[in-house]
Every structure is written in C-alpha cells, then in structure tokens.
Amino acid sequence: MSRFSLRALGIALPITLMSQAAMADLTPKDVWGDWRAYMEGMGYKIDATEAASGDNLTVSDINLNFDMPENEGKMSLSMGTVNFVQNSDGTVSIVLPDTLPMKMTGNDGTPGGEPFSMTMNYAQTDHAMTVSGSPEKMTYLYTAGTIAMDLTQMMIGDEALGRDFAKISVKGGSVNSTTTMTIGETRGYEQTGSIATLAYDAFFKSPEADEPEVQANVTGNVNGVSMSGTGVIPLTMTQGADIRAMLAAGFDVIGKISYTDGTSNFDVKDTENGNYVLKTASNGGEFGVEMGANGLTYDVAQRDVKINVTAEVMPFPIDFAMAESGFNLTMPVSKSEEPQDFAFGLKMGDFTMSDMIWGMFDPTSQLPRDPATVIVDLTGKVKILVDFLNPEAAAEMTGAPGEMQALKLGNLLVSAAGAKLEGAGDITFDGSGPAMVPGVGNPVGNINLALAGGNGLLDKLVALGFLPSDQAMGARMMMGLFAVPGDAPDTLKSQIEFTQDGQILANGQRIR
C-alpha cells in the first residue's frame, strides 16, 4: 500500500463516513471532536475556525497539513466549511456544501524539490449525511444522488497547467454507504457501500515544449460497484505513512470491492514512438486486500475480459480475450522466528486470440486453436529473517531475506495448442546440511507431472518451421529420461522425488 494511498485513506474517511439510527444522543461537538482526533491521530496538523450557534457547530477554513516521513516533503489539504447540526432525535446531520473546494499542495520529496498544487471540486446532489449512536460508537449514513470530482487547476512550480495539459473528472450516481466506528483503545470500523454507476475521464499532455509531445486520454466506466471493509486503526500514529509503525500499533484491515461490468479506453498520442489505442471490457470482477501484522494479501479476479490494441507500429489490430483471469498473493511482512504462510496463484482461463494473430505464425491452421488455460496454485511456509519494512535493516541486508521451509504445488495446468501439462507436489526444505541452492535448504518430497499431446505438438512445431528437427529430437530424448509412457497414446507421466539424503529420482531412477 503506497504512501499516497494511505494519506488518501486518512483524507477520504472523514469525508465519506456514514451511518444508521441509534438510541444514544450525540452532539455536534462529539462528532467534530472525533473527526479531529482521527485526523490528528493519523499525523495531520489541523487548523480550523469553530463557531457555535445554539446546539449547532460550524467549522470553517479547515486545513490539514502533513509532514511526510524522512523529510520527504509536505502535504496540505483545504476542505472549506462543514456544518454540524443537532437533530431532535439525538442524531447529528453533517451538512456539506453542494460543491466542496479541496486544495492539495506538496513537493516531489527531493531536497529542494519542485512544489506542486492541485485544486479540485467535490460536488454532490441530493446528499445527506447523518451520525447516530454514542461518542464511543458512531454510525454514519451517507446517501447522494450524484457525486463528482473535478480537477480545476494544477500547478507545477510556478507553471499553471490548464485543461489543455491536465484534466481529471470522476462522476458517480446513486451512492450509499454505512460505516460504524467504535472508539476504544483502538478505532474499529465496519463499512459497506455501493455506487450504481461510476465514470472517469483523465487527460495529460507533456508540458515541455522542447521534448517529443506525448498525450494520453483515459476514459471508462464501472457499474454496480459494491464495497465492504472491516478493520482496526490505531488511535495515534505519529507518521501515518510509516507502514511498519502502523502495523506495530495494531493496524489491521480487510477490504473488498466488486463490480458488475466495466469498460476502459486508453488513447495515447506519441510523436516519437507512435500512437496507440487500448480498449478493455469485462463482465465483472473483484479486488480484495488484507493487511496487518500477520501479512499482506491481494486477491484479484475478472470475468469475460476482452482487450483490443491498435497501434501505428502494428499492421493490424490485436484482439484477445479470457473467460476468467485472476491473481492472488499472500506474503508475510514481519520478521519472525516461526515460519509464516505465503501463497501465489495465477489463472488465465479460456484464453483466445483473433484469427488474424494466429495467421501470423500458423497460416495453414496446423495448430489447434482451442482456448488455452494456465493455472498455478502455490502455497508454503517461509521464515522471514529481515524486517524489510525497516529501511535501515533492508539497507544492511546482505543475504536472502528469508528461508523457504515448505512449498506445495496444489495445481499446475497448462493447456494450449493441443497439449496439456498437469502437476502437483509437496516439498519441505531441510536446511541442516549443504544446500543445492544457496539460501534454500535441500528439498525433500515429490512432484507428479503428466503430459498429454506433447509429441504431437512437437511434430506440428517442426512442420511449421518453428523448431528444428534435431532440437525436437533432443526434447524427446529428455522426456524419455524423465518420464514414462502414460495409459493413453501420446501421454507421459513422471514422479520427481527428492530424498532426505540429497538424491533426486525420476520414476525411481536416480538422476542425482
């Protein structure tokens, strides 16, 4: 998670907190006081003018300032005026203007770095935000007919970049969100939300007149967006962008975003390297993330993905599609004496290409053009030896950052061009003796592999001229050394075994 995204989290939560009805009374002072405590706990310095009128509270000229770690620069944000209104039922309404100007300033983080500033308008219609509950447990409910975020000005140094050089516009429709915040020794939250439609339009153009002109326009839309999340945030973090400090203080979050369908269009004009257009579409997907002291997990999936690329440097458009695509990664982030879990997964299901692409290397259709699939499912145990989130420890690292303890190949599947390779296995690593690979103990266990259609594919590659016949002969000899015939024609199977005493056996035959 980048520093920018963590700062954005600290800015966005106070703007989008939402809730349901509750029994206990709240006051505007309670709600604003918790907003302020939250932002100051994230490391922001708050300047604001508070004016009470009866039971109500108006907070104007809100400015947030943040000193980035390690003297890498500063960030500031202006939020304008927010009204906190006491309701007769003990709830508090947060009244934001229809248009909320927001200004962000900073620099690029280098010594004497060039300053920049962005001014954006956050606009909303038919909106309402209500807070209920108690000072220890507040529930926020937010609804809006439409929301929009537009870049109105960008400054780099003393140069203003108008809309001819930079444009960002994001628009959403039918927005609903509910968030419950529980304040104790830490801050816990539970959040759900939805946006029926979301569209974006961004444009950037290189401002340097003496360099080749490059401009990019990115547009797209996403429908049926739903969000959910739970987590724990420490009450105080002196450096809100210091991931290591946040984890040590108890930071632990789980979040998921899904959507029903979406499209995107990347239009790049480059006077030096040529123009190209990239179009994508998908029929829904999910993005999940978990982050805490126990590790970091990403899980991404999409359905019915279609991609089209048109470029000046290519003689024809490139089209390909996948019925399923996915990626998952789990990794530990903290040094530990005990082995920790890790995982890696990749899926490309029913991958297809256009006949025009096939025709480039197989004009006579000798290769089967059935959809291709690649699946990799790995899990295991690893011991982390270095606290790599600590910059000083990472800089002093001389060897491997960790030791592999165990590796399980849950599933390997590669199916393409009429051939199919499958595999599974389970291996542990013994670090007590000399290792075959530095930093990795000797493997103990086995891997089972099965290949169907391998010889037929080699024949077709030789016929197409992609593979010389002598190299195909060598490949067949290697398969003969490591595999035995399967139960059906043109099938091979192999069991690779790693023994405790360092031997490697292929189907019982020693090869090391």
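It should be emphasised that the depicted structure is a prediction, and the values quoted were computed from it without experimental measurement.

## Looking at the overall build of the chain
Scanning the chain from terminus to terminus reveals 7 helices and 27 strands. Looking at the 512 residues of the chain, the share that counts as buried comes to 36%. By sequence separation, contacts in the chain at least 24 residues apart represent 58% of the contacts at least 6 residues apart. Of the roughly 26,700 Å² of accessible surface on the chain, 57% is carried by carbon and sulfur atoms.

## Remarks on the packing of aromatic side chains
Within this structure, the stated rule accounts for 7 aromatic pairs. Ring centres 6.1 Å apart and planes at 35 degrees place the aromatic pair Phe287 and Tyr298 in the tilted group. Here Tyr298 lies in strand S17 (residues 295-311) and Phe287 lies in strand S16 (residues 285-292), a separation of 11 residues in the sequence. Under the relative-accessibility criterion, Tyr298 is labelled partly exposed at 23%. Ring centres of Phe320 and Phe351 lie 5.6 Å apart, and the angle between their planes is 35 degrees; this geometry places the pair in the tilted category. Pair noted here: Phe320 is in strand S18 (residues 318-331) and Phe351 is in strand S19 (residues 340-353), with a separation of 31 residues, a long-range link. Grouping aromatic residues by their ring pairs yields a cluster made of Trp32, Trp35 and Phe84.

## Concerning the side chain of Ser60
Along the polypeptide, Ser60 turns up in strand S2 (residues 56-67). Setting aside its immediate chain neighbours within four residues, Ser60 contacts Ala48, Thr49, Gly80 and Thr81.

## Section: the packing of helix H6 (residues 454-464) against helix H7 (residues 469-482)
The N-to-C vectors of H6 and H7 enclose an angle of 170 degrees; their axes lie 10 Å apart at closest approach. Overall, the two elements H6 and H7 adopt an arrangement that is roughly antiparallel. Two secondary-structure elements touch here, H6 through Asn455, Leu458, Asp459 and Val462 and H7 through Ser469, Ala472, Ala475, Arg476 and Met479. Split by residue class, the contact of H6 with H7 holds 5 nonpolar, 2 polar and 2 charged.

## Focus: helix H2 (residues 28-41)
End to end, H2 covers 20 Å across 14 residues, agreeing with the expected 20 Å (1.5 Å per residue, within 8%). At the exit of H2 stands Gly43, carrying a positive phi of roughly 105 degrees.

## Considering the nonpolar core
Counting residues in hydrophobic clusters, the biggest one holds 49 residues, and the most contacted among them are Val31, Trp32, Trp35, Phe84 and Ile94. Residues within four places of Trp32 in sequence aside, it is in contact with Met39, Ile46, Ala48, Glu50, Leu57, Val59, Ile62 and Phe84.

## Comments concerning the confidence of the model for the chain
Chain-level pLDDT for the chain is 87 on average; 89% of the residues reach the 70-or-more range. The low-confidence segment residues 1-24 (pLDDT under 50) makes 73 contacts with residues lying over four places distant or belonging to another chain.

## Considerations on a nonpolar patch on the surface
On the surface, Met478, Leu481, Phe482 and Ile511 cluster together into a nonpolar patch covering about 370 Å² of accessible area. The topology assignment puts Met478 in helix H7. Taking the relative accessible area as the measure of exposure, Met478 reaches 45% and is therefore partly exposed.

## As for the pairing of S17
Note: strand S15 (residues 276-282) against S17, 6 bridges, orientation antiparallel. Within S17, the residue paired with Val277 across the bridge is Thr310. Taking the residues between adjacent antiparallel strands as the criterion, S16 and S17 are bridged by 2 residues. Bridge count between S17 and S18: 13 bridges; the pairing is antiparallel. Residue pairing for S18: Arg303 is matched across the bridge by Glu324.

## As for the environment of Met155
With respect to the helices and strands, the residue Met155 is situated in strand S8 (residues 137-156). Counting along the chain gives 39 residues from Met155 to Phe116, while the straight-line C-alpha distance between them is 5.3 Å. Contacts of Met155, omitting those with residues within four sequence positions, involve Pro115, Phe116, Ser117 and Ala160.

## Brief notes about unusual backbone geometry
Notably, Asp126 is not glycine yet its phi reads approximately 50 degrees, a positive angle. On the secondary structure map, Asp126 appears in the loop between strand S6 (115-125) and strand S7 (128-134). For Asp126, a relative accessible area of 69% puts it in the exposed group. Even without being a glycine, Asp490 presents a positive backbone phi close to 50 degrees. Note on placement: Asp490 falls in the loop between strand S24 (484-485) and strand S25 (491-498). Here Asp490 falls in the partly exposed class, since its relative accessible area comes to 32%.

## A word on the pattern of salt bridges
Applying the stated criterion across every chain, the model contains 11 salt bridges. Linked through salt bridges whose partners overlap, the residues forming this network are Arg36, Glu40 and Glu50.

## Re a negative patch on the surface
A surface patch of like charges, here negative, comprises Glu114, Asp158, Glu159, Glu208 and Glu211. Assignment of secondary structure puts Glu211 in the loop between strand S11 (186-205) and strand S12 (214-234).

## A closer look at the environment of Arg476
The topology assignment puts Arg476 in helix H7. Remark: the alpha-carbon pair of Arg476 and Leu458, spanning 18 residues in sequence, is separated by 8.7 Å. Leaving out residues up to four positions away in the same chain, Arg476 has contacts with Asn455, Leu458 and Asp459. Side-chain polar atoms of Arg476 contact the side chain of Asp459, separated by 2.3 Å.

## A look at the environment of Asn442
With respect to the helices and strands, the residue Asn442 is situated in strand S23 (residues 442-452). Under the relative-accessibility criterion, Asn442 is labelled buried at 17%. Along the chain, Asn442 and Asp501 lie 59 residues apart, while their C-alpha atoms are 9.0 Å from each other.

Cut-offs and rules
Residues numbered from 1 in each chain as written. Predicted model: local features only at pLDDT ≥ 70, side-chain atom pairs only at ≥ 80, totals over all residues. Heavy atoms only, no water. Helix = DSSP H or I, 4+ residues; strand = E, 2+ residues; numbered from the N terminus. Buried < 20%, exposed > 50% of the residue type's maximum accessible area, 1.4 Å probe, protein only. Contact = heavy atoms within 4.5 Å. Areas by Shrake-Rupley, 256 points an atom, 1.4 Å probe, with all protein chains shown as cover. Phe/Tyr/Trp six-rings, centres within 6.5 Å; stacked < 30°, edge-to-face > 60°. Axes fitted to C-alpha atoms, helices over the stretch in contact; angles between N-to-C directions. Parallel < 35°, antiparallel > 145°, perpendicular 65-115°, else oblique. Nonpolar A, V, L, I, M, F, W, Y, C, P; charged D, E, K, R; others polar. Expected span 1.5 Å × (residues − 1). Core = buried A, V, L, I, M, F, W, Y, C linked by side-chain atoms within 4.5 Å. pLDDT = per-residue confidence, 0-100. Patch = residues over 30% accessible without salt bridge, like charges linked within 9 Å, V, L, I, M, F, W, Y side chains within 5 Å. Salt bridge = Lys/Arg side-chain N within 4 Å of Asp/Glu carboxyl O. Pairing = 2+ DSSP bridges. Lys, Arg positive; Asp, Glu negative; His and termini not counted. Charge placed at Lys NZ, Arg CZ, Asp CG, Glu CD. Polar contact = N/O pair within 3.5 Å; in protein donor to acceptor, adjacent residues only side chain to side chain.

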